[in-house]
Amino acid sequence: MPNRPPYSLGCHACRRMKVKCDEKKPQCARCTKARRVCPGYRNAEQVVFRSMNEQLASKADTLRLSETHASISAAPRLTVQPSEQWDLKATSYFLHNYSLAPTKDSPGYLGAVPDLLSKNASSARYLESAVLAAGSASLANITGLTHLERAAKKHYGETLRSLSMALENPADARSDAVLAAIIILQMYEAIVGSTSVSDNPHGKGLVELVRLRGTSHFRTGGGNDLVRIIHSRIHLNSIGGLFPSPIDAKYDIGVVDFPTPQTELWRLIRETSQACTEIRTYVSESGTKTSNNKAKHHLDRVLSAYLDLLGWQAALPSSWAYQSIQVPASDGVGCHPETCPGKYHLFKNMNHAGTWIKFWCTLVYALQTLVHMSPHPIMQETRSNWDPRLDFRRRLYDAVNEICSCVPYMMADVDQFGLPIIGKDGKALGSFILLRGLYVAICVEEITSVQREYIMKALLRIAYVRGIKLALRPRSRWLNQHMLAIGG
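Residues numbered from 1 in each chain as written. Predicted model: local features only at pLDDT ≥ 70, side-chain atom pairs only at ≥ 80, totals over all residues. Heavy atoms only, no water.

Caption draft 1: The overall build of the chain, seen in detail. Looking only at helices and strands, one finds 20 helices and two strands in the chain. For the chain, with 488 residues in total, the buried portion stands at 47%. In the chain, of all internal contacts separated by at least 6 residues, the share reaching a separation of at least 24 is 70%. Split by element, the accessible area of the chain, about 25400 Å² in all, is 54% carbon and sulfur. (Helix = DSSP H or I, 4+ residues; strand = E, 2+ residues; numbered from the N terminus. Buried < 20%, exposed > 50% of the residue type's maximum accessible area, 1.4 Å probe, protein only. Contact = heavy atoms within 4.5 Å. Areas by Shrake-Rupley, 256 points an atom, 1.4 Å probe, with all protein chains shown as cover.)

What follows is the structure in structure tokens.
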């Protein structure tokens, strides 16, 4: 009877469940049967023995030596393995970094994608190729491997072709897999930086598909999660930045299972977007020949939207609150005035953080509009009737600071308790959600140089550490614009 090693060599999943593993590579039989990605195996060097003695140590050395010789002799066979290994790695990377399983406290984010991949592997090739495109592109950005970049482009083309065929079939067009694939294509375009932050590629198509589905088709956890993502992106793109996209008046997607505060925030985002768009359009088209009554009407709408946002924040239940940690000072006296941010926020989960980032972006957009209107004569006349404590410029600075305070949590620099995360890989999803907030903040000309430097560094990290190249576009735009101003 062959000597049995004194420790398990099974994959991490089988060892965790304490079941026998056939130790096949790259996928053991149990993981294949369960339709999950096998998490892999540990090396002999990583084994921790319960009782270390000379006999066990000798056996371990022998086993390690035999494995080393086997790996050396098997080296030439690696030339036929990479394609499957790279695809598996890209899929695993995307699912780990860009999806969140739903919990009792959070609806998740693309949490249904793993199940959709396993259940619809034969019919939903477009979903599989979309995941491969996004995962390969992100890995290519981080590692610099050009063959991954080529693979990402190939999978992207395959996704577009297979999606166009699927959309010809009404049953497929109504499926969760189609919606998920298009949302992931949007993520791919952000990862490779082929769009602008203010754009919403495929947004109108997604809205039409949801209308085609009807409410009965998304009253499930997975379907509702997808509609929530679409709804969120449309609203977020309507506020702040250089070219916000106003929400169509005919926009009528019904969203289910939203708590009341979230539904109210969507309404306030729409009102703020419409009010700010109207007054900016009116002033730019009318110039100095503005009607006092119309200008006052538009201005009152913006101010009313801003005050309603503050009212929403004040009326929130305690379960929606976040925690703030002051940045510790080196001298123990207090935070340095030039420290940005002077605090950082801790949230319950990514969705909780995303809601607050949307709120602060909306606040920034309203305040930015009011600050830009300050020199206008009608603003000077109207302002005398307002509360003198409404220092819009100072409040704009504070709102941008709130967005900056989200960076440590969203980029996984700290955990939920505010402690540094060392030696762990955080999810790229936090950086993906944060990116819109940083874009809105960097487009505010009134922010301080300290704030701008902090935002620029965060954008650089999102691009090169998390592999989302879209973060380079607002950074490069600002640099180019101000370099030209200096050169001129």
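Caption draft 2: Representation of the nonpolar core in the model. In this structure, Leu110 and Leu127 are the most contacted members of the largest nonpolar core, which totals 121 residues. Ranked by residue count, the leading element in this core is helix α14 (residues 350-372), at 14 residues. With near-sequence residues (within four places) excluded, leucine 110 lies in contact with Phe94, Tyr98, Ser99, Leu100, Ile183, Ile184, Met187, Asp225, Leu226 and Ile229. In this structure, Cys11, Cys28, Cys31 and Cys38 belong to the second largest nonpolar core, which totals eight residues. (Core = buried A, V, L, I, M, F, W, Y, C linked by side-chain atoms within 4.5 Å.)

Caption draft 3: Representation of α14 within the structure. Here α14 is 23 residues long and its end C-alpha atoms lie 32 Å apart, about the 33 Å a rise of 1.5 Å per residue gives. Among the 23 residues that make up α14, 22 are buried, leaving the element largely enclosed by the rest of the structure. Put simply, asparagine 349 is the residue that caps the front of α14, since its side-chain oxygen is 3.2 Å from the backbone nitrogen of asparagine 351. (Expected span 1.5 Å × (residues − 1). Polar contact = N/O pair within 3.5 Å; in protein donor to acceptor, adjacent residues only side chain to side chain.)

Caption draft 4: Quick peek at the packing of helix α6 (residues 125-143) against helix α9 (residues 176-192). Viewed as axis vectors pointing N to C, α6 and α9 meet at an angle of 20 degrees, and their least axial separation amounts to 9 Å. One element, α6, and the other, α9, form an angle in the roughly parallel class. Considering how the two elements wind past one another, α6 and α9 form a crossing that is left-handed. Contacts from Tyr126, Leu127, Ala130, Val131, Ala133, Ala134, Ala137, Ser138 and Asn141 of α6 reach α9 at Ala177, Val178, Ala180, Ala181, Ile184, Tyr188, Ile191 and Val192. Considering only residue class, the contact of α6 with α9 consists of 15 nonpolar, two polar and no charged. (Axes fitted to C-alpha atoms, helices over the stretch in contact; angles between N-to-C directions. Parallel < 35°, antiparallel > 145°, perpendicular 65-115°, else oblique. Left-handed = near helix turned anticlockwise from the far one by under 90°. Nonpolar A, V, L, I, M, F, W, Y, C, P; charged D, E, K, R; others polar.)

Caption draft 5: The pattern of salt bridges, seen in detail. The final tally for this structure, using the stated rule, is nine salt bridges. What emerges from the salt-bridge pattern is a single network uniting Glu264, Arg267 and Glu271. (Salt bridge = Lys/Arg side-chain N within 4 Å of Asp/Glu carboxyl O.)

Caption draft 6: Quick look at a nonpolar patch on the surface. On the surface, Leu460, Tyr464 and Val465 cluster together into a nonpolar patch covering about 270 Å² of accessible area. Mapped onto the fold, tyrosine 464 is located in helix α19 (residues 449-464). (Patch = residues over 30% accessible without salt bridge, like charges linked within 9 Å, V, L, I, M, F, W, Y side chains within 5 Å.)

Caption draft 7: Looking closely at the state of the cysteines. Under the criterion given, the structure shown has zero disulfides. Cysteine 38 takes part in no disulfide bond, and the closest cysteine sulfur to it belongs to cysteine 31, at a distance of 3.8 Å. We classify cysteine 38 as buried; its relative accessible area is 8%. With no disulfide of its own, cysteine 406 lies 8.7 Å from the sulfur of cysteine 404, the closest cysteine sulfur. (Disulfide = S-S within 2.5 Å.)

Caption draft 8: Seen up close, the packing of aromatic side chains. Evaluated as defined, the whole model comprises 13 aromatic pairs. In this structure an aromatic cluster arises from ring pairing among Trp312, Tyr322, Phe347, Trp356, Phe359, Trp360 and Tyr409. (Phe/Tyr/Trp six-rings, centres within 6.5 Å; stacked < 30°, edge-to-face > 60°.)

Caption draft 9: Region of the structure containing the packing of α9 against helix α10 (residues 203-213). Running from N to C, α9 and α10 point in directions that differ by 165 degrees, and their axes come no closer than 11 Å. Taken together, the axes of α9 and α10 lie roughly antiparallel to each other. Crossing angle aside, the handedness with which α9 passes α10 is left-handed. Between α9, through Asp176, Val178, Leu179, Ile182, Ile183 and Gln186, and α10, the contact on the second element is made entirely by Gly203, Leu206, Leu209, Val210 and Arg213. Of the residues contributing to the contact of α9 with α10, the split by class is seven nonpolar, two polar and two charged.

Caption draft 10: Summary view of the environment of leucine 459. With respect to the secondary-structure elements, leucine 459 resides in helix α19. Along the chain, leucine 459 and arginine 473 lie 14 residues apart, while their C-alpha atoms are 9.2 Å from each other. In this view, leucine 459 contacts Leu435, Leu438, Ala471, Pro474 and Arg475; residues no more than four positions away in its chain are not counted.

Caption draft 11: Expanded view of the confidence of the model for the chain. Averaged over all residues, the pLDDT of the chain is 79; the fraction at 70 or higher stands at 75%. The low-confidence segment residues 44-57 (pLDDT under 50) makes 13 contacts with residues lying over four places distant or belonging to another chain. Every residue in residues 67-82 scores below 50 in pLDDT, and together they form one contact with partners more than four places removed in sequence or on other chains. (pLDDT = per-residue confidence, 0-100.)

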